[in-house]
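# Topology and contacts: notes
Letter by letter, the chains look like this.
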Amino acid sequence: MMSISDVAKQTGLTAKTIRFYESKGVISAAPRGANGYRYYNAEHIAELLLIKRSRMIGFSLEECQQLLALSINPDRHSRDVKQKAQQKLVEIDHKIEELKQIKLTLTALTEECPGDKNAQCPIIDSLTKNS
C-alpha cells in the first residue's frame, strides 16, 4: 500500500489531481486506513498512468474513463479501442483546421496593425466591430 505522495511521485501527477480523479469516479476508490488516509496499490498506479497517458494524447476525462473501463474488461474488442482512437484523430484534425484559420486571421490582423504609438489599431477595430 502506498500513500498519495508516493503515488504522485510514481505517476508524475499531483496529489490534488489524484484526489480529483478519485472524487469523479475516474479511478477506483482507494481504501482508507484507521488514520483516514487513502492507501493506493499497483492497480491504482496502472489506472492513473493510463489516464495520464490518454490525456497526453488528447482524450477527455470522460473518454479516459471509457478507455480505463475497456482496459479492465477481459471481453473487450480491440476494434472498440481503435474506433475511439480514430474518432479522436478526426477531432484532432478538425481542431488543427480551426487553429489554422485562427492563425490566418490573427496573422492578417497583426500585419494590418502599424504597431506604433497611435491609438488607431486594426486589431481592436476588428474585434469590436458589429458584423
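An unreviewed UniProt entry lists the protein under the name HTH-type transcriptional regulator CueR, with Photobacterium phosphoreum as the source organism. Its UniProt record gives the protein a comment under Subunit (unreviewed entry), which states: "Homodimer."

A separate point is the UniProt feature "coiled-coil region" (unreviewed entry) in the protein. Within this structure's numbering, the places UniProt gives as "coiled-coil region" (unreviewed entry) are residues 82–112. Helix makes up 100% of residues 82–112 and strand 0%, with an end-to-end C-alpha separation of 45 Å.

Moving on, we come to the nonpolar core. In terms of nonpolar packing, the biggest core is built from 19 residues, with V7, I18, Y21, I27, Y40, L48 and I51 touching the most fellow members. Elements with a minimum of two residues in this core: helix 1 (4–11), helix 2 (15–23), helix 3 (42–56) and helix 4 (61–72). The biggest single contributor to this core is helix 3, with four residues.

Scanning the entire structure with this criterion turns up four salt bridges. For the salt bridge of K100 with E97, the shortest nitrogen-to-oxygen distance reads 3.5 Å. Here K100 and its partner E97 are both found in helix 5 (residues 78–112), three residues apart, which amounts to about one turn of the helix. Take K100: its relative accessible area is 46%, and that puts it in the partly exposed class.

For the rest of this paragraph, the subject is the packing of helix 1 against helix 3. Two packed helices can be described by the angle between their axes and the distance between those axes. Closest axis-to-axis distance for the helix 1/helix 3 pair is 10 Å, and the angle between their directions is 45°. Taken together, the axes of helix 1 and helix 3 are oblique relative to one another. Remark: the crossing between helix 1 and helix 3 carries right-handed chirality. Here helix 1 contributes V7, Q10 and T11 to the contact with helix 3, which in turn contributes I45, L48, L49 and K52.

Let's shift gears to the state of the cysteines. Each disulfide is one covalent bond, formed between the sulfur atoms of two cysteines. Applying the stated criterion across every chain, the model contains zero disulfides. Take C113: it sits in no disulfide, and the sulfur closest to it among the cysteines is that of C121, at 3.7 Å.

This part is about a nonpolar patch on the surface. Among the surface-exposed residues, L89, I92 and I96 lie close enough to one another that they form a single nonpolar patch of about 240 Å² accessible area. Tracing the chain through its elements places I96 in helix 5.

Bringing the environment of I124 into the picture now. Inspection of the secondary structure puts I124 in helix 6 (residues 122–128). According to the relative accessible area criterion, I124 is partly exposed, its value standing at 49%. Separated by 11 residues in the primary sequence, I124 and C113 place their C-alpha atoms 9.3 Å from one another.

Calculation rules
Residues numbered from 1 in each chain as written. Predicted model: local features only at pLDDT ≥ 70, side-chain atom pairs only at ≥ 80, totals over all residues. Heavy atoms only, no water. UniProt positions renumbered as here; feature names shortened; annotations may be inferred. Helix = DSSP H or I, 4+ residues; strand = E, 2+ residues; numbered from the N terminus. Core = buried A, V, L, I, M, F, W, Y, C linked by side-chain atoms within 4.5 Å. Buried < 20%, exposed > 50% of the residue type's maximum accessible area, 1.4 Å probe, protein only. Salt bridge = Lys/Arg side-chain N within 4 Å of Asp/Glu carboxyl O. Axes fitted to C-alpha atoms, helices over the stretch in contact; angles between N-to-C directions. Parallel < 35°, antiparallel > 145°, perpendicular 65-115°, else oblique. Left-handed = near helix turned anticlockwise from the far one by under 90°. Contact = heavy atoms within 4.5 Å. Disulfide = S-S within 2.5 Å. Patch = residues over 30% accessible without salt bridge, like charges linked within 9 Å, V, L, I, M, F, W, Y side chains within 5 Å. Areas by Shrake-Rupley, 256 points an atom, 1.4 Å probe, with all protein chains shown as cover.

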